[in-house]
Each structure stands twice: as C-alpha cells, then as structure tokens.
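Survey of secondary and tertiary structure
The primary structure of each chain is shown beneath.
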Amino acid sequence: SSAKVNLASKLKAENNDLKIDSHFRLSNLIYGQEEQAQERGLPSLDLTKNALDLFTDKKGNLDLDFILKTELDKPRISIKQLKRVILEAAMRNLANQPLDQTINKVQQTIKQFKDFGEEMQKIFGGKD
C-alpha cells in the first residue's frame, strides 16, 4: 500500500549521445492486501510481495542500478528498453546476494504457495 521511492540519475552527453546512469531504491514497503485478507480470515498469497522480496536485501530495500541510452536531438526511451534494463539490474541484484539468502527466499516462497494451496483446498475441497 506504500513505499518510499528514490531515483537518482546522472546524465552525460557527448556529441548526440545521451547516457542516463540511474540508481533506483524502493524501501519501507508496506503490503496492504495481505493485511485485509488476514483480517477477514482468508488465505492470502501476494505475488507482488513474493516477487519483490526475492530481489530485496536483508533490510527489505530494492536497489537497482541501470543505464539508459538515447539521443539528445530525439530523446526516446521505449517501454521495452526500460523493462530490459530494469530486469537486467534486478538479475544482477539477485546474483550479488549471498546464495544461502537466495535459497532461503525461494524456499519461503514455495512454502507460501504450498500453504496457500492447502488452505484453498480446505475451503473448496471440503476438507478440515
């Protein structure tokens, strides 16, 4: 439901080329949907939270460093280009995390999916 976003970019131009070196930080993440489901006594599975948590550090911050390139006389950044550089930054972030931390996060996500499936089976399968 809320987060703190910080984006710092350094622009460098040479001839007609523009290079935008950016650092993006997402911190103080608060997920509201999960709290609402728990208040109602319903099982919840927040895919956004699970996806973001995979790339966050121990403090829950998501740091992404990426570079965008365009031209000064025709500055354009496509959605495809933006998605590509952010995905590459996220993968670098994941690769730089300690292996045991990454394994633990994946195991926790699998457990959450399994627990969610069991709760749904209780609700719709008639099992207690």
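In the block above lies the structure referred to throughout.
Residues numbered from 1 in each chain as written. Predicted model: local features only at pLDDT ≥ 70, side-chain atom pairs only at ≥ 80, totals over all residues. Heavy atoms only, no water.

A word on the overall build of the protein. Within the protein, the regular secondary structure consists of four helices and three strands. Traced from its N-terminal end to its C-terminal end, the protein shows the element sequence β-β-α-α-β-α-α. Within the protein, buried positions represent 23% of all 128 residues. Here the contacts in the protein between residues at least 6 apart in sequence split such that 61% fall between residues at least 24 apart. For the protein, the exposed area adds up to about 9600 Å²; of that, 54% sits on carbon and sulfur atoms. (Helix = DSSP H or I, 4+ residues; strand = E, 2+ residues; numbered from the N terminus. Buried < 20%, exposed > 50% of the residue type's maximum accessible area, 1.4 Å probe, protein only. Contact = heavy atoms within 4.5 Å. Areas by Shrake-Rupley, 256 points an atom, 1.4 Å probe, with all protein chains shown as cover.)

Here the focus is helix α4 (residues 99–125). Over its 27 residues, α4 runs 38 Å from end to end, which matches the ideal 39 Å to within 8%, given 1.5 Å per residue. Buried within α4 are the following residues: Q101, T102 and K105. (Expected span 1.5 Å × (residues − 1).)

Where strand β1 (residues 2–14) meets strand β2 (residues 17–30), twelve bridges bridge the pair, whose relative direction is antiparallel. Bridge pairing links K4 to S27 in β2. Counted along the chain from β1 to the antiparallel partner β2, the turn is two residues long, and its residue N15 has a positive phi close to 55 degrees. Taken together, the ten bridges between β2 and strand β3 (residues 62–71) define a ladder with antiparallel strand orientation. Bridge assignment links H23 to a residue of β3, and that residue is D65. (Pairing = 2+ DSSP bridges.)

The subject of this paragraph is the sheet that holds β2. Think of a sheet as strands paired side by side through backbone hydrogen bonds, with each pair either parallel or antiparallel. Overall, antiparallel pairing links the three strands, which are arranged β1-β2-β3 in an open sheet. Both edges of this open sheet fall to β1 and β3, since each of them pairs with a single strand only. Here the strands of the sheet are splayed against their neighbours by 15 degrees on average, with no regard to which way each runs. (Axes fitted to C-alpha atoms, helices over the stretch in contact; angles between N-to-C directions.)

A separate point is a negative patch on the surface. On the surface, a cluster of negative charge is contributed by E14, D17, E71 and D73. Looking at where E71 falls in the secondary structure, it is placed in strand β3. (Patch = residues over 30% accessible without salt bridge, like charges linked within 9 Å, V, L, I, M, F, W, Y side chains within 5 Å. Salt bridge = Lys/Arg side-chain N within 4 Å of Asp/Glu carboxyl O. Lys, Arg positive; Asp, Glu negative; His and termini not counted. Charge placed at Lys NZ, Arg CZ, Asp CG, Glu CD.)

With that settled, consider the environment of I67. Within the secondary structure layout, I67 lies in strand β3. For I67 and A89, which are 22 residues apart along the polypeptide, the C-alpha to C-alpha distance reads 9.2 Å. The residues contacting I67, other than those within four sequence positions of it, are K19, I20, D21 and V85.

Now for the environment of L54. On the secondary structure map, L54 appears in helix α2 (residues 47–55). Distance from L54 to Q108, taken between C-alpha atoms, is 9.9 Å for residues 54 residues apart in sequence. Those residues in contact with L54, other than ones at most four positions away along the chain, are L94, Q97, K105 and V106.

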